Amino acid sequence: MSKAFTKDADGDEDGDDLSLPPLPAGTRNYMTPQGYLRLRTELINLIDTERPKVVEIVHWAASNGDRSENGDYIYGKKRLREIDRRIRFLTKRLDIAEVADPSQHHGSDQVFFGATVTYETQAGVSRTITIKGIDEADALQGEVSWVSPVARALLKSREGDEVQLMTPGGLEQLEVIQVRYPAPQTAH
C-alpha cells in the first residue's frame, strides 16, 4: 500500500502544541518579560537536560535487542517525539515573540497589554483580570490572553469608561473601575 494512504501514528506533526491556542493570523506574539523567561527556561531545560536523558534511555533500551516488545524503547521514542515537538513549538513561539514590559505604563489609567484591570458588570459583579500573552495567560490566576474577547473590549479604555462586551448571552456593559501596572524594576 502506498504510504500516501496510510496514517502515520507517529506522524511528525509540525503544527502547534494543542495545549495553547494558535496566534491570530498577522498578529505579533506579545509576551511579558516574565513569560518570555519562563518559556525560554523551559526550552533550555528540554534541550540541555530532558532530551539527553531520554536519548540515553532509548539508546540503552535499543541495545537490549528486540525492540517490538521493549517498553523502555517504545515509551522512550514516544517521549522523544513529544519533547522534539515541544522544542519546535517553543522555538517558533520565542522566535516571533515581542516582549512588552507592562511596567512602562506604570501610573497610567489606560488599558494596554500587561494591565491588571478591575471592572464591574451590569449585574454589579466586580472582577479583576491581568492581560497577558497567549502563551502565558492562566485563567485560574485571573490572567486572560490579550486576544480574548474581554481583553479586546477593555484595551485602550480608561478608568471610568464603559465598554461593550459581546457574550453568548448578548451585549454586556462593563465599567472600568481600576487600571494597575507593575512598578518598574530599579537597577541595583
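None of the values given here were measured: they were computed from a predicted structure.

Q: Would you mind going over the nonpolar core with me for this structure?
A: Note that soluble globular proteins tend to have their nonpolar side chains buried in a common cluster. Residues Val111, Val117, Ile129, Ile131, Val150 and Leu154 are the most contacted members of the largest nonpolar core, which totals 20 residues. Contributing elements (two or more residues each) for this core: strand S3 (116-121), strand S4 (126-132), helix H3 (149-154), strand S6 (162-167) and strand S7 (170-180). If sequence neighbours within four positions are ignored, Val150 has contacts with Tyr119, Ile129, Val144, Leu165 and Leu174. Of all hydrophobic cores here, the second largest spans 15 residues; its members include Met31, Leu43, Ala61 and Ile87.

Q: Sorry, what's going on with the packing of aromatic side chains here?
A: How two aromatic rings sit relative to each other is given by the distance of their centres and the angle of their planes. Across all of its chains, the model carries 2 aromatic pairs by this definition. Residues Tyr30 and Phe113 carry aromatic rings whose centres are separated by 5.9 Å and whose planes lie at 40 degrees to one another, so their mutual orientation is tilted. Of this pair, Tyr30 sits in strand S1 (residues 29-31) while Phe113 sits in the loop between strand S2 (97-99) and S3; the two residues are 83 residues apart in sequence, bridging distant segments of the chain. Relative accessible area serves as the criterion here: at 12%, Phe113 is assigned to the buried category.

Q: So what exactly am I meant to see when it comes to the pattern of salt bridges here?
A: Under the defined criterion, the tally for this structure stands at 8 salt bridges. A salt bridge links Arg158 to Asp109, with the nearest nitrogen and oxygen atoms 2.8 Å apart. One end of the pair, Arg158, is in the loop between H3 and S6; the other, Asp109, is in the loop between S2 and S3, with 49 residues separating them in the sequence. Residue Asp109 is classed as partly exposed on the basis of its relative accessible area of 28%. Salt bridges here are not isolated pairs; linked through shared partners, they connect Glu50, Lys78, Arg79 and Glu82.

Q: Before we go on, may I ask you to explain the pairing of S6 in this structure?
A: Remark: a regular strand shows side chains that alternate across the two faces of the sheet. Both S6 and S7 contribute to a ladder of 6 bridges, which runs antiparallel. Directly across from Leu165, in S7, lies its bridge partner Glu172. Between S6 and S7, which follow one another and run antiparallel, lie 2 residues.

Q: Looking at this structure, how should I read unusual backbone geometry?
A: What is expected of a backbone is that most residues other than glycine have negative phi and most peptide bonds are trans. Even without a glycine there, the phi angle at Lys156 is positive, about 75 degrees. The topology assignment puts Lys156 in the loop between H3 and S6.

Q: Got a minute to help me understand helix H2 (residues 71-95) in this structure?
A: The α-helix winds at 3.6 residues per turn, so residues separated by three or four positions along the chain end up facing the same way. Here H2 contains 25 residues, and its C-alpha end-to-end distance of 36 Å stays within 8% of the 36 Å for a straight helix at 1.5 Å per residue. Among the residues of H2, Tyr73, Gly76, Leu80, Ile83, Arg86, Ile87, Phe89, Leu90, Arg93 and Leu94 are the ones counted as buried. A distance of 3.2 Å separates the backbone nitrogen of Asp72 from a side-chain oxygen at the start of H2, and that oxygen is part of Asn70.

Q: Just checking my understanding: could you explain the sheet that holds S3 for this structure?
A: Two modes of strand pairing occur in sheets, parallel and antiparallel, and in both the strands are linked by backbone hydrogen bonds. What the 5 strands build is an open sheet, ordered S5-S4-S3-S7-S6; its pairing is mixed. In this open sheet, the two edge strands, each paired with only one partner strand, are strand S5 (143-145) and S6. On average, adjacent strands in this sheet sit at an angle of 45 degrees to one another, irrespective of strand direction.

Q: Is there a simple way to explain helix H1 (residues 33-62) in this structure?
A: With 30 residues, H1 ought to run about 44 Å at 1.5 Å a step, and its terminal C-alpha atoms sit 42 Å apart, in line with that. Taken as a whole, H1 carries its principal kink of about 45 degrees at Leu46. Among the residues making up H1, those that are buried are Gly35, Leu39, Leu43, Leu46, Val54, Val58, Ala61 and Ala62. Packed against the buried residues of H1 are S1 and H2.

Q: What's the story with the side chain of Ser145 in this structure? I'm lost.
A: Among the structural elements, Ser145 can be located in strand S5. The residues touching Ser145, leaving out its near neighbours within four places in the chain, are Lys132, Gly133, Ile134, Ala137 and Ala151.

Q: Mind showing me how you'd approach the confidence of the model for the protein chain here?
A: Taken over all residues, the pLDDT of the protein chain has a mean of 86, while the share at 70 or more is 86%. Scored below 50 in pLDDT, residues 1-18 shows 14 contacts in the model against residues more than four places distant or in partner chains.

So, how was this worked out
- Residues numbered from 1 in each chain as written.
- Predicted model: local features only at pLDDT ≥ 70, side-chain atom pairs only at ≥ 80, totals over all residues.
- Heavy atoms only, no water.
- Core = buried A, V, L, I, M, F, W, Y, C linked by side-chain atoms within 4.5 Å.
- Buried < 20%, exposed > 50% of the residue type's maximum accessible area, 1.4 Å probe, protein only.
- Helix = DSSP H or I, 4+ residues; strand = E, 2+ residues; numbered from the N terminus.
- Contact = heavy atoms within 4.5 Å.
- Phe/Tyr/Trp six-rings, centres within 6.5 Å; stacked < 30°, edge-to-face > 60°.
- Salt bridge = Lys/Arg side-chain N within 4 Å of Asp/Glu carboxyl O.
- Pairing = 2+ DSSP bridges.
- Expected span 1.5 Å × (residues − 1).
- Polar contact = N/O pair within 3.5 Å; in protein donor to acceptor, adjacent residues only side chain to side chain.
- Axes fitted to C-alpha atoms, helices over the stretch in contact; angles between N-to-C directions.
- Bend = angle between axes of the 7 residues up to and from the residue.
- pLDDT = per-residue confidence, 0-100.

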